[in-house]
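One letter stands for each residue in the lines below.
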Amino acid sequence: MASFTPAVSAHHPTTSRRRDSGLPPGAGGGGDGRRPGSPDYRARLRRARLGLASALVSILMLFIAFTSAYIVRQGLPTLDPSTNKVVHDWIPVQLPTALFLFNTTVLLLSSVTIELARRQLVRQAALEPVASIPGVSLGKDRELPWLGMTIVLGLCFLTGQWLAWNDLASRGFYVATGPSSSFVYLLTGVHAVHLLGGVVALLVAGSTVLLHRPLESRRIVVDVTAWYWHFMALLWIYILALLEFAR
Amino acid sequence: MVAQESHEHAAPQGFIRKYVFSLDHKVIGLQYYFLALTAVLVGMFLSLLMRIHVVWPNASLPLLGDIKPETYLSLVTMHGTIMVFFVLTTAPQGGFGNYILPIQIGAPDMAFPVLNMLSFWTTLVAYLVMLAAFFVVGGAPLHGWTGYAPLSALQSAGPGEGLGADLWITSIALFCVASLMGALNFITTTLDMRARGMSMMRMPLTCWSWFITAILGLLAFGVLLSAGILLLLDRNIGTSFFVPLGTVNGQLTGHKGGSPLLWQHLFWFFGHPEVYIAILPGMGVASQVLSTFSRKPIFGYKAMVYAMLSIGLLGFMVWGHHMFMSGMSPYSAFAFSVMTMAIGVPSAIKTFNWLGTLHKGRLRFQAPMLFAIGFVSLFVSGGLSGPFLAQPALDIPLHDTAFVPGHFHLIMGVAAIFGIFAATYYWFPKMFGRMMNERLARIHFFFTLIGTYCVFMPMHYLGLAGQPRRYSQLTELTYLHHLLPLNRFMTYAAVVTIAAQLVFLFNLFWSIFKGVKASDNPWEATTLEWTTATPPPHDNFAGHTPVVYNGPYEYSVPGAPRDYVMQSDPATVTAH
Amino acid sequence: MGLLLLCVIWLITIASTYFFIAKTWWLPAGASASAAAIDHQFAVTFVLMGVIFVAAQMALGYFVWKYRDRASANNASYSHGNLKLEIIWTTLTLILFIGLNLIGGPIWAAERFRPAADEATRVEVTGIQFAWYFRYPGPDGKFATTKPELEDPSAGGEAALGLDPSDPASKDDVVTGIMVVPVGREVEVILRAHDVIHSFFVPSMRFKQDAVPGLAIHVHFTPTETGSYEIACAELCGLGHYKMHGILKVVSQSEFDQWLVAHEAEKQ
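Not measured: the values here are computed from a predicted model.

1. Observations regarding the overall build of chain B
Right, on to step 1. Each helix and strand counted, chain B has 16 helices and four strands in total.
Right, on to step 2. Computed over its C-alpha atoms, the radius of gyration of chain B comes to 24 Å, within 12% of the 25 Å expected for a compact globule of 576 residues.
Right, on to step 3. Along the first, second and third principal axes, the C-alpha set of chain B runs to 80 × 50 × 45 Å.
Right, on to step 4. Looking at chain B residue by residue over its 576 residues, the buried ones come to 74%.
Right, on to step 5. By sequence separation, contacts in chain B at least 24 residues apart represent 78% of the contacts at least 6 residues apart.
Right, on to step 6. Per element, the accessible surface of chain B, about 16,200 Å² overall, is 70% carbon and sulfur.
Right, on to step 7. Side chains of chain B carry 27 positive and 22 negative charges; the gap between the two charge centres is 8 Å.

2. Overview of the side chain of His-399 of chain B
Right, on to step 1. If you trace the backbone, His-399 of chain B turns up in the loop between helix H13 (392-398) and helix H14 (403-432).
Right, on to step 2. The contact partners of His-399 of chain B, leaving out residues within four places of it in the chain, are His-322, Met-325 and Val-404 of chain B together with Lys-208, Asp-210 and Glu-235 of chain C.

3. Some details on the interface of chain B and chain C
Right, on to step 1. At the junction of the two partners, chain B supplies 113 residues and chain C supplies 96 residues.
Right, on to step 2. Across the chain B/chain C interface, buried area totals approximately 9,100 Å², and carbon plus sulfur atoms make up 72% of it.
Right, on to step 3. One can count one salt bridge joining chain B with chain C.
Right, on to step 4. Ionic pairing is found between Asp-69 of chain C and Arg-362 of chain B, a salt bridge with its closest N-O pair at 2.6 Å.
Right, on to step 5. For the interface between chain B and chain C, the tally reads 33 residue pairs in polar contact (both at pLDDT 80 or more).

4. Here we look at the pattern of salt bridges
Right, on to step 1. Counted by the stated rule, this structure contains 22 salt bridges over all chains.
Right, on to step 2. A network of salt bridges, in which partner residues are shared, links Arg-49, Glu-115, Arg-118, Arg-119 and Asp-223 of chain A.

5. A closer look at the nonpolar core
Right, on to step 1. In this structure, Trp-208, Trp-354 and Trp-427 of chain B together with Tyr-136, Met-179, Phe-200 and Leu-248 of chain C are the most contacted members of the largest nonpolar core, which totals 346 residues.
Right, on to step 2. Among the elements that make up this core, the one with the highest residue count is helix H8 (residues 260-294) of chain B (20 residues).
Right, on to step 3. Three or more residues apiece are contributed to this core by two domains, here domain 1 (2-68 + 81-112) and domain 2 (121-267) of chain C.
Right, on to step 4. When residues no more than four places from it in sequence are discounted, the contact partners of Leu-248 of chain C are Met-179, Val-181, Val-202, Met-205, Phe-221, Gly-227, Ser-228, Tyr-229 and Ile-231 of chain C.
Right, on to step 5. Judged by nonpolar contacts, the second largest core, of five residues, contains Ile-128, Tyr-133, Leu-161 and Val-175 of chain C.

6. So, the environment of Leu-378 of chain B
Right, on to step 1. Relative to the helices and strands, Leu-378 of chain B is located in helix H11 (residues 367-384).
Right, on to step 2. The contact partners of Leu-378 of chain B, leaving out residues within four places of it in the chain, are Gly-383, Leu-410, Val-414, Ala-415, Phe-418, Leu-449 and Tyr-453 of chain B.

7. Considering the sheet that holds strand S4 (residues 179-182) of chain C
Paired through their backbone hydrogen bonds, the strands of a sheet run either parallel or antiparallel.
Residue and element names in this part refer to chain C.
Right, on to step 1. Taking strand neighbours across the sheet as the criterion, the five strands line up as S4-S10-S9-S6-S7 in an open arrangement whose pairing is mixed. Bordering the open sheet on either side are S4 and strand S7 (207-211), each of which pairs with just one other strand. The mean inter-strand angle of the sheet, taken between neighbouring strand axes irrespective of direction, is 25 degrees.
Right, on to step 2. As defined by bridge partners, strand S6 (residues 198-202) adjoins strand S9 (residues 227-233) across two bridges and the pair is classed as antiparallel.

8. Thoughts on the confidence of the model for chain B
Residues and elements named next belong to chain B.
Right, on to step 1. The pLDDT averaged across chain B works out to 95; a share of 98% of its residues lies at or above 70.
Right, on to step 2. Considering only residues more than four positions removed or in separate chains, one finds that residues 1-8, a stretch of pLDDT under 50, has 20 contacts.
Right, on to step 3. As a predicted assembly, this complex carries a pTM of 0.94 together with an ipTM value of 0.96.

9. Description of the packing of helix H3 (residues 69-88) of chain B against H14 of chain B
All names here are of chain B.
Right, on to step 1. Where H3 meets H14, the axes come as close as 12 Å, and the angle between the chain directions of the two elements is 35 degrees. In this structure, the crossing between H3 and H14 has a hand that is left-handed. From H3, His-79, Val-84, Val-87 and Leu-88 reach across to H14, where they touch His-409, Met-412, Ala-416, Ile-417 and Ile-420.
Right, on to step 2. The residue makeup of the contact of H3 with H14, split by class, is seven nonpolar, two polar and no charged.

Basis of the calculations
Residues numbered from 1 in each chain as written. Chains lettered and ligands numbered in written order. Predicted model: local features only at pLDDT ≥ 70, side-chain atom pairs only at ≥ 80, totals over all residues. Heavy atoms only, no water. Helix = DSSP H or I, 4+ residues; strand = E, 2+ residues; numbered from the N terminus. Rg over C-alpha atoms; globule rule 2.2 N^0.38 Å. Buried < 20%, exposed > 50% of the residue type's maximum accessible area, 1.4 Å probe, protein only. Contact = heavy atoms within 4.5 Å. Areas by Shrake-Rupley, 256 points an atom, 1.4 Å probe, with all protein chains shown as cover. Lys, Arg positive; Asp, Glu negative; His and termini not counted. Charge placed at Lys NZ, Arg CZ, Asp CG, Glu CD. Buried area = accessible area lost by both parts, 1.4 Å probe. Salt bridge = Lys/Arg side-chain N within 4 Å of Asp/Glu carboxyl O. Polar contact = N/O pair within 3.5 Å; in protein donor to acceptor, adjacent residues only side chain to side chain. Core = buried A, V, L, I, M, F, W, Y, C linked by side-chain atoms within 4.5 Å. Domains from an automatic or database assignment. Pairing = 2+ DSSP bridges. Axes fitted to C-alpha atoms, helices over the stretch in contact; angles between N-to-C directions. pLDDT = per-residue confidence, 0-100. Left-handed = near helix turned anticlockwise from the far one by under 90°. Nonpolar A, V, L, I, M, F, W, Y, C, P; charged D, E, K, R; others polar.

Right under this line is the structure:
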């Protein structure tokens, strides 16, 4: 049971943890908060990443649900009334593996390019406090070409996926042809939709550069987009592995 | 020591930016709340029509005419869907959570205000799409809020299963996206924006409830979205995720090989956490209000937190208890049943702790407290019918009888609603700067408490007697005829209870404009929202971010000058 | 107000409990071998939950009255809880709930874990919007194949099921609109559905099982009393859900044999 302590010196509240960057209270929290070293900027980056992590968890749950539906459907016996027997009607699809592998390479390359863009910004952000020293150059806007490259590669991937669907269709595998083909279109299609969202995010990131937004805003947008993009690449590898090996 | 923090966005000017496309979590919270209010009026009206039809199936209603069996079923479907999604998953979390969470943790707003605004507008669009289902050819779907396939997957399976069903699924899919956006915001805000001194274990239990609810939502809504996508594909593209080889009225459906049970697994994997999403914020509010109005710390704060966490975790492991009769493996059924009984334990702990909070308190009976007390009573009643359904052997006679809606209405349809009422009466002064009328509140409370018990307790008796769910009339089975008088009693009780809500509505709107002006802390409560002006300024604390020194429920601290110690009061620092 | 709350809460509790104890509206009399065990487990659960219900509600009402604020009231006690008490009531609740479930386990096992006895009367029960069809395999003991493409609901039992006339086993399959079974012998029900999910519910037999399209679900029960019992559909199946009912007639073995023979004869 606690008891009342008279109000003598209660300047430093007992907190269980200090969560800021260790700076004394009040410092850096004033009006500006725009310098990369300030708690406000770091807090915004952490906050953005936390938000992204949550979003990625929910997307993961979507694909976990699809995966469990996939596994259940594969093994599902169904009653064939004409024979009164229980049969399995899962016929594996002939996947356009070569095309998928090519697309995978494109996507992985795009992961590299966006990571380069992201690191460019990390470097710039680190140098920013000393940018006023003559002779120090931030190499402004170096990340733009990498962002641009990523967009191009992303669109290449999506085109490649579209070609893969055309290939399947030409061999008679449409969405409703059979359970296995349904899942191929479903998994790759939903992934493509999310990747398209990533492309839009990249365009937004690019626009923050072109519109000369402050450095740390750019850094946060590109950082979040980059991690999203990497997640999409990993997700794609998972989907491909599932389709190829869990047949 | 106060820390000046720059607020993300300056106070907006102009009507549209201030009240329509606002980024302010307080405005967004109110938008959600009023959306839920219109939804609950629609939902209640649908239930009134349902109750009338069951006891007078041949009655012709003014303007609506005869209610055909398929119309009845579409009322059932839309009532359930609107209430579960647009009332119980909207008002407690989107409404009060949005408004109060940032203030209670000492933050100027939610982590992502633009996303917050987007999530409200997506919810609104989802609501409009849902309502549109009433007005299309064929009308609203008749497959129940649970949407079991193949009934929901075959356009030919019944009236309303055409465009109406597609709109229903689309609405739900939009709602999923909106909820996921909201969940992301709540989680980030709670983890990252607490004021100095506000450790997780000093957060009010309301904040814990919104946080855990958001985690549940984050994990569950993705699964519902996946089920909705698969269902749309089955319905419109000819895939067979859920539909096996079969016929409707002798005509082959064109599907084969799908599994109706797959829909049930996906749906209930979402559906069970969903009911905890519906009740957890109510539990948080009950704890908050009981403590405040008993002038006593909540009994067992840590146990309350762990209980909510366990409920959240276990909530993901029990979905099979909706499927005992489904054809699922009886061994799995038994496993799910053990987990289901286990989840009764943290719920019981919370109930004991609420009673423990009241015990040796000094109780004040203003409106919020009445509804919190009502919440406890209803939670006990609704919760205790659970162990019957949790045992598969007993589920054999009880599954899909009126016993089931009796159970979930008491706990979701009433207890959770009482949580919303308690929250409304409690935070109304802070939101609108005025008090609601106490006398009207008391009338509202007693009529609603007694009325809802009169409607839903008898459902248990009906279920025991074998009255099945979702029957549009009870005329065809002889063994149901003797249940008509009780059904009529329930209908009369429903009419009275619904009428009593008019008292609440009048009180709400009249008090917004004409209520007695409220002070900053009319309930003498301890949490941070009561330290700021009424209503709170745009950034919640007028630039003075609070620093927290105390736990959330420091009432009647021996030796303190008043019987409550604010969380941000440095003059009285307790050990909590 | 405290007193008023106590009265309202106690009255609601007493009234609700009264109707449960008086069994004013209750399960119909059981007429199957499993009814006794299920009803007993029901009674145990009911007593335990009933005691907790009454105790919790009465305590709530009492506390609300006893600790009401008034001039003579004591200050609230500054207590954050009692760990020992928490541990005790958590453990007791856990034992109670899990224990209750475990005692009920064998009943569920008896119902569903074991397949039907070899000598059970076999009936295939098919749910189709909005009627039940019952098929007996006849002397050959085999159910003939059915083909969805042969279904014709307007032409009566066999056609509604899509019975394949080219299958020799179909010659002695009897399809009826009423389910007749002999008393005292286990009945194996093979549940099927053609369109949507239905559920075969016979309250007096304490028997329920969903009929799922794409599955043939084997369940069993043993009727112990002769009589006529209503069958209800217990899974929402469309606009006719409320009128999808049937009749189960439990008769003596000799009556059943005669009935079946008469139907077989009609087929020839």
